[in-house]
Amino acid sequence: MKIKTVLVANNHLKRVGGSETFTYTLIEALLKKGYEVEYFTFFKGEVSQRIERDLDVQFMSKSKYDLILANHNTCVNYLSKRGVIIQTCHGIFPKEEQPTQYADGHVGISKEVKDHVKTLGFDSEIIVNGINCERYYVKKPINTELKNVLSLSQSEPANAKILAACEALGLRFSKFNKNENSVWHVEDMINEADLVLGLGRSAYEAMACGRTVVVFDERAYFQSYSDGYMTPDLVKQCVENNCSGRYSKLEFTTEDLIDAFKKYKKEDGNALRELALTDFNIDIQVDRYLKYASTLTKKNSGLKLLFASWYQNHRMQKRIRKANKKD
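Residues numbered from 1 in each chain as written. Predicted model: local features only at pLDDT ≥ 70, side-chain atom pairs only at ≥ 80, totals over all residues. Heavy atoms only, no water.

Enquirer: Looking at this structure, how should I read the overall build of the protein chain?
Expert: Helix and strand counts for the protein chain stand at twelve helices and eleven strands. Taken against the 2.2 N^0.38 rule, which gives 20 Å for 327 residues, the C-alpha radius of gyration of the protein chain at 20 Å falls within 12% of a compact globule. Based on the C-alpha atoms only, the size of the protein chain along its principal axes is roughly 65 × 40 × 40 Å. Going through the 327 residues of the protein chain one by one, you find that 57% of them count as buried. The long-range fraction of contacts in the protein chain, counting pairs at least 24 apart against all pairs at least 6 apart in sequence, stands at 65%. Per element, the accessible surface of the protein chain, about 14,600 Å² overall, is 49% carbon and sulfur. (Helix = DSSP H or I, 4+ residues; strand = E, 2+ residues; numbered from the N terminus. Rg over C-alpha atoms; globule rule 2.2 N^0.38 Å. Buried < 20%, exposed > 50% of the residue type's maximum accessible area, 1.4 Å probe, protein only. Contact = heavy atoms within 4.5 Å. Areas by Shrake-Rupley, 256 points an atom, 1.4 Å probe, with all protein chains shown as cover.)

Structure follows, in structure tokens:
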């Protein structure tokens with residue numbers, strides 16, 4: 001299959017978040033490789049505006065594409081009739097991350113997700129979260145001794161523990177919660193820290209910036225776990241669960257965080273940057289998507305896809321009207 005036109009889709013592009021940043025990054029990399037790219041979303045906003053303004057990429061205008069790369073089953077169900085479509089499943093919990101039969105191929109961003117998708121009857125390729133390592137890079141070297149700690153946690157209980165650990169060691173503490181204060185250039189905040197705490201994509205972005213990392217958070221939808229202080233060897237293990245804490249399943253207290261902070265070594269930041277370049281670089285991940293796409297063909301008939309698209313659009317229009325009333 002020769003690929004020229006690509007549509008990249010995400011259910012929502014209103015505010016900065018993990019799948020939104022991934023969508024932007026994926027479009028950047030495809031443009032860099034010379035593809036003709038457009039985007040789709042049900043909910044426009046800050047990130048879709050950036051895609052249009054910064055990348056000069058327009059909203060879906062074609063009836064057919066050579067390849068569609070879609071996050072969320074809502075997008076897949078609606079768009080599958082427009083071309084060969086790959087669904088990327090970013091997690092095992094959210095409803096919209098569950099695989100749909102209307103995708104022609106599935107990608108899991110970790111072994112954990114691949115195994116979950118398999119239990120639901122679908123094969124998938126593992127392609128980990130891709131980071132733009134030219135945007136996320138070492139702008140400012142980290143200190144020889146740990147001084148500055150940044151939390152990318154969205155949890156107040158987690159941040160309370162982190163703050164207590166920082167106070168005990170005399171460290172400067174800062175935090176960023178994307179749900180409370182949307183900041184696009186989070187890489188600038190990361191580059192002011194020596195050590196960053198977060199999960200998944202947040203951890204990978206920090207690694208790409210040459211920061212040391214502690215995988216830790218407390219999320220409402222699963223038990224609080226940590227993978228601890230990251231070394232390259234440990235990352236290669238924890239990536240099986242997307243550095244979510246569910247690989248090691250450590251239940252961290254403030255005292256555990258203090259012990260993790262004491263493991264700080266400046267050279268670990270350099271090593272994690274090198275790992276990001278080889279394991280999380282979006283340019284490499286895009287090549288893997290394209291290679292996988294070359295093996296796929298349409299699975300479903302036109303009539304079946306037309307019904308799926310109509311039904312998904314009907315459901316989404318109700319959600320959009322409801323969201324507009326709230327706004």
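Enquirer: Before we go on, may I ask you to explain the packing of aromatic side chains in this structure?
Expert: For any pair of aromatic rings, the description consists of the separation of the ring centres together with the inter-plane angle of the planes. Counting across every chain of the model gives eleven aromatic pairs. Here the aromatic rings of Phe40 and Phe42 are separated by 4.9 Å at their centres, their planes lie at 85 degrees, and the arrangement is edge-to-face. Accessibility assignment for this pair places Phe40 and Phe42 in one class, buried. The interplanar angle of 40 degrees and the centroid separation of 6.5 Å between the aromatic rings of Trp310 and Tyr311 together place this pair among those described as tilted. With a relative accessible area of 52%, Trp310 lands in the exposed category. Look at Tyr311 and you get partly exposed, because its relative accessible area is 39%. Members of the aromatic cluster, connected to one another through ring pairs, are Tyr39, Phe40, Phe42, Phe59 and Tyr78. It is Lys44 that lies over the ring of Phe59; its NZ or CZ is 4.4 Å from the centre. (Phe/Tyr/Trp six-rings, centres within 6.5 Å; stacked < 30°, edge-to-face > 60°. Lys NZ or Arg CZ within 6 Å of the ring centre and 35° of its normal.)

Enquirer: Quick question: what am I supposed to make of the sheet that holds strand β1 (residues 5-9) here?
Expert: Sheet strands line up and pair through hydrogen bonds in the backbone, either parallel or antiparallel. Strand order in the open sheet made by the six strands is β2-β1-β3-β4-β5-β6, with parallel pairing throughout. The sheet is open, and its two edges are formed by β2 (36-40) and β6 (125-126), each paired on a single side. With four bridges connecting them, β1 and strand β3 (residues 67-71) associate as parallel partners. The partner of Leu7 across the bridge, within β3, is Ile68. (Pairing = 2+ DSSP bridges.)

Enquirer: Hey, could you run me through the environment of Val286 in this one?
Expert: As for its position among the elements, Val286 is in helix α11 (residues 282-293). Each residue touching Val286, except ones within four places of it in the same chain, is listed here: Leu26, Ala29, Leu30 and Lys33.

Enquirer: Please explain the side chain of Ser153 as it appears in this structure.
Expert: Looking at the secondary structure, you find Ser153 in the loop between β7 (148-151) and α5 (156-169). Within the local environment of Ser153, its side chain forms a polar contact with the backbone nitrogen of Ser155, the two atoms lying 3.0 Å apart. (Polar contact = N/O pair within 3.5 Å; in protein donor to acceptor, adjacent residues only side chain to side chain.)

Enquirer: Explain a nonpolar patch on the surface here, please?
Expert: Taken together, the side chains of Phe307, Trp310 and Tyr311 define a hydrophobic patch exposed on the protein surface, amounting to about 370 Å² of accessible area. Summarising the element assignment, Trp310 is placed in helix α12 (residues 302-326). (Patch = residues over 30% accessible without salt bridge, like charges linked within 9 Å, V, L, I, M, F, W, Y side chains within 5 Å. Salt bridge = Lys/Arg side-chain N within 4 Å of Asp/Glu carboxyl O.)

Enquirer: What exactly am I supposed to notice about the nonpolar core here?
Expert: The nonpolar side chains of a soluble globular protein tend to be buried, and buried together. By size, the foremost hydrophobic cluster in this structure holds 31 residues, and its most contacted members are Leu26, Ile27, Leu30, Ile51, Leu67, Leu69 and Ile86. Sorting the residues of this core by element identifies β1, α1 (18-32), β2, α2 (46-55), β3 and α11 as the ones contributing at least two each. Counting 30 residues, the second largest nonpolar core, distinct from the first, contains Val186, Ala193, Leu199 and Cys238. (Core = buried A, V, L, I, M, F, W, Y, C linked by side-chain atoms within 4.5 Å.)

Enquirer: Explanation requested: a positive patch on the surface in the structure shown.
Expert: On the surface, Lys95, Arg315, Lys318, Arg321 and Lys325 cluster together into a patch of positive charge. For Lys318, a relative accessible area of 49% translates into the label partly exposed. (Lys, Arg positive; Asp, Glu negative; His and termini not counted. Charge placed at Lys NZ, Arg CZ, Asp CG, Glu CD.)

Enquirer: Help me out: how do you make sense of the pairing of strand β8 (residues 172-175) in this one?
Expert: Strand direction decides the pairing type here: β7 and β8, joined by four bridges, are parallel. By the bridge assignment for β8, Leu150 is matched with Ser174. In this fold, β7 hands off to α5, which returns the chain to β8; that crossover is right-handed. (Right-handed = clockwise from strand over helix to strand, strands pointing away.)

Enquirer: So what exactly am I meant to see when it comes to α5 here?
Expert: An α-helical turn contains 3.6 residues, so any two residues separated by three or four positions project in the same direction. Over its 14 residues, α5 extends 20 Å from the first C-alpha to the last, a length consistent with the 20 Å expected when each residue adds 1.5 Å. Listed in full, the buried residues belonging to α5 are Ala158, Asn159, Ile162, Ala165 and Cys166. Around the axis of α5, the buried residues are gathered within 125 degrees of arc, so they sit on the same side. Opposite the buried face of α5, by more than 90 degrees, sit the exposed residues Glu167 and Ala168. Next to the buried residues of α5 lie β7, β8, β9 (195-198), β10 (212-216) and α9 (254-261). Backbone nitrogen of Ala158 and a side-chain oxygen of the N-cap are separated by 3.1 Å at the start of α5; the cap is Ser155. Note on α5: the residue one or two positions beyond its end, Gly170, has a positive phi of about 70 degrees. (Expected span 1.5 Å × (residues − 1). Arc of directions from axis to C-beta.)

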